[in-house]
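What follows is the residue order along each chain.
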Amino acid sequence: MEKLPIIALDFTGEEAIHFLKQFDEQLFVKVGMELFYESGPSIINEIKGMGHKIFLDLKLHDIPTTVQKAMKQLAALEVDLVNVHAAGGLQMMKAAVSGLNEGAKGKRPAIIAVTQLTSTSEVQMQKEQQIHGDLIQSVQHYAALAKEAGLDGVVCAATDCEHLVNKLGTDFKYITPGIRPTGTAANDQVRTATPAEAAKLGAYSIVVGRAITGSSDPVASYHQIKKEWSGNDE
């Protein structure tokens, strides 16, 4: 299967559709809170109608029953990938999988769990979350819980991937945001990597936003990142 970077559509609905019309190929795009809360399920249907794959990034985190019922509804949208916060716990994550299975019209969407956000530093985790120890230990703990719960993978920093591959294997999916091509600003991300670095570290897929969506030539920027990510940097 061709390796497609996931493009974060951090726009309103009208802006997102305008952006996508620049491309004449299938994309894998991330619809996050801003876009989904503004446009609702209609934007999912419109993007699906254009032939693109969708990661619906809502990061559910609530009591197990609520998450199960919500995932049942999200499964009906027939997106390709959804997520939860691993901090919600083992039972919540199991409930999320159950909800997806109940609501899926065919193959259920893949589901991943957020471990520690790529905007979170180790000092911030220790001080604000009161989690003592190394950040990577927290990431590994959450990832192991997600695998035990039956999820398909986790969201993590690219720099976490090699530790997780060693602990959990290569059959688990590691989705990495915080991707910054060489020479671009980190902005609000703390733990970043280039597309090539993420590939070498064992990432299953990468999420890229402003380096593509804020580019003066989004199509060219996308293809350059895709080449770097796939190891075909010609």
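Summary of the structure given here. (Residues numbered from 1 in each chain as written. Predicted model: local features only at pLDDT ≥ 70, side-chain atom pairs only at ≥ 80, totals over all residues. Heavy atoms only, no water.)

## A word on the overall build of the protein
Here is step 1 of the chain: Scanning the protein from terminus to terminus reveals eleven helices and eight strands.
Here is step 2 of the chain: For a compact globule of 234 residues, the expected C-alpha radius of gyration is about 17 Å, and the protein comes in at 17 Å, within 12% of that figure.
Here is step 3 of the chain: Here the protein holds 234 residues, and 51% of them are scored as buried.
Here is step 4 of the chain: Per element, the accessible surface of the protein, about 11,000 Å² overall, is 48% carbon and sulfur.
Here is step 5 of the chain: The protein carries 22 positive and 28 negative side-chain charges, and their two centres are separated by 6 Å. (Helix = DSSP H or I, 4+ residues; strand = E, 2+ residues; numbered from the N terminus. Rg over C-alpha atoms; globule rule 2.2 N^0.38 Å. Buried < 20%, exposed > 50% of the residue type's maximum accessible area, 1.4 Å probe, protein only. Areas by Shrake-Rupley, 256 points an atom, 1.4 Å probe, with all protein chains shown as cover. Lys, Arg positive; Asp, Glu negative; His and termini not counted. Charge placed at Lys NZ, Arg CZ, Asp CG, Glu CD.)

## Examining the packing of aromatic side chains
By convention here, two paired aromatic rings are described through the distance between centres and the angle between planes.
Here is step 1 of the chain: All chains considered together, the criterion is met by four aromatic pairs.
Here is step 2 of the chain: Considering the side-chain rings of Phe23 and Tyr222, the 5.7 Å spacing of their centres and the 90 degrees angle between planes classify their relative orientation as edge-to-face. Of this pair, Phe23 sits in the loop between helix 1 (13-20) and strand 2 (28-31) while Tyr222 sits in helix 11 (residues 218-230), and the two are 199 residues apart along the sequence. The pair formed by Phe23 and Tyr222 is uniform in burial state, with each residue classed as buried. (Phe/Tyr/Trp six-rings, centres within 6.5 Å; stacked < 30°, edge-to-face > 60°.)

## Details of unusual backbone geometry
Here is step 1 of the chain: The backbone of Lys59 sits at a positive phi, close to 50 degrees, despite the residue not being glycine.
Here is step 2 of the chain: Along the polypeptide, Lys59 turns up in strand 3 (residues 53-60).
Here is step 3 of the chain: Residue classification places Lys59 among the partly exposed residues on the basis of a relative accessible area of 22%.
Here is step 4 of the chain: Positive phi values are uncommon outside glycine, yet Glu78 reaches one of about 60 degrees.
Here is step 5 of the chain: Within the secondary structure, Glu78 sits in the loop between helix 4 (64-75) and strand 4 (81-85).

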